[in-house]
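Structural description and commentary
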Amino acid sequence: MWTAFSPLREEASVLLEAAEADLGRVPISSVQQRWAWQLGQLRDALDRIEATRTEYRKLLTAHPHASREARHAAVDARNAEAWNALYSWSVHGRAVLEIRTATVRAAGPRIAATPPPPAPPATADHTTRR
């Protein structure tokens, strides 16, 4: 599950913010009552995933010369700790798509002209070369 979620993890917060904003644009008659609750579940799950990721990175940093077995044990522990949060994304993540679909249907053709949300700022992990 961790590996499957990894490509989405970096953009998950942006997706949630867009869905939360879109939810305000959907006509009340088209809103599913569960959507706001599901977005809350996704936000909470993402917070838990990030906390687990941070904890795992700290563990690896604290033990840079750990054996292969110790690293595998750490990965297993990370995966076990994040399982419920990752499962929440697999169950409730579709709400983000449903909200976007309802927003597009409600807005009609004019939403196609709306620019996408801005990209998150670049990380400081790389430097600019001249």
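Starting from 1, residues in each chain are numbered consecutively following that chain's sequence as written. Totals for whole chains, interfaces and linings use every residue, but because this is a predicted model, local features are given only for residues with pLDDT of at least 70 and side-chain atom pairs only at 80 or more, for both listing and counting. Side-chain descriptors were evaluated using all non-hydrogen atoms of the structure, hydrogens and water having been removed beforehand.

A separate point is the overall build of the protein. Helix and strand counts for the protein stand at four helices and zero strands. Starting at the N terminus, helices and strands are each numbered in turn, a helix being any DSSP run of H or I of at least four residues and a strand any DSSP run of E of at least two. In sequence order, the secondary structure elements of the protein are arranged as α-α-α-α. Remark: exposure states derive from per-residue accessible area (1.4 Å probe, protein chains only) relative to the maximum for the residue type, with buried under 20%, exposed over 50%, and partly exposed in between. Taken across its 130 residues, the protein has 27% of its residues classed as buried. By definition, residues are in contact when any of their heavy atoms lie within 4.5 Å. Within the protein, contacts between residues at least 6 apart in sequence are counted, and of these 78% link residues at least 24 apart. Each accessible area is a Shrake-Rupley estimate made with a 1.4 Å probe; only the visible protein chains count as cover when residues are assessed. Total accessible area on the protein is roughly 9300 Å²; 56% of this is exposed by carbon and sulfur atoms.

Each residue carries a pLDDT value, the predictor's own confidence for that position, ranging from 0 to 100. On average, the protein scores 86 in pLDDT, and the residues at 70 or more come to 83%. Low confidence marks residues 126-130, where pLDDT is under 50. Its contacts with residues over four positions away, or in another chain, come to zero contacts.

Any Phe, Tyr or Trp ring, taking Trp's six-membered ring, that has another such ring centre within 6.5 Å forms a pair; planes under 30 degrees apart are called stacked, those over 60 apart edge-to-face, and the others tilted. With the rule as written, the count across this model stands at two aromatic pairs. Judged by centre distance (6.4 Å) and plane angle (25 degrees), the rings of Trp83 and Tyr87 are stacked. Taken as a pair, Trp83 and Tyr87 lie in helix 3 (residues 68-92) at a separation of four residues, close to a single helical turn. Either the NZ atom of lysine or the CZ atom of arginine qualifies as a charge over a ring when it sits within 6 Å of the ring centre and within 35 degrees of the ring normal. Geometry around Tyr56 places Arg78 over its ring, the cationic atom sitting 4.8 Å from the centre.

On the surface, a cluster of nonpolar side chains totalling about 400 Å² of accessible area is made up of Met1, Trp83, Tyr87 and Val91. Its relative accessible area of 41% is what places Met1 among the partly exposed residues. Patch membership is restricted to residues that have no salt bridge and whose relative accessible area is over 30%. Joining uses 9 Å for like charges and 5 Å for the nonpolar side chains Val, Leu, Ile, Met, Phe, Trp and Tyr. Any Lys or Arg side-chain nitrogen found within 4 Å of a carboxyl oxygen on Asp or Glu counts as a salt bridge.

This paragraph deals with helix 2 (residues 34-62). Over its 29 residues, helix 2 runs 42 Å from end to end, which matches the ideal 42 Å to within 8%, given 1.5 Å per residue. Here helix 2 has its buried residues at Trp35, Gln38, Leu39, Leu42, Ala45, Leu46, Ile49, Thr52 and Tyr56. In this structure, the buried side of helix 2 is in contact with helix 1 (2-23), helix 3 and helix 4 (94-107). The length a helix should cover is 1.5 Å for every residue beyond the first.

This part covers helix 3. Compared with an ideal rise of 1.5 Å per residue, which puts 25 residues at 36 Å, helix 3 spans 35 Å between its outermost C-alpha atoms and is within 8% of the ideal. Bend, in this description, refers to the angle at a residue between axes fitted to the seven residues ending there and the seven starting there. The sharpest bend along helix 3 reaches about 50 degrees and sits at Trp83. Within helix 3 the residues assigned to the buried category are Ala74, Arg78, Ala82, Ala85, Leu86, Ser88, Trp89 and His92.

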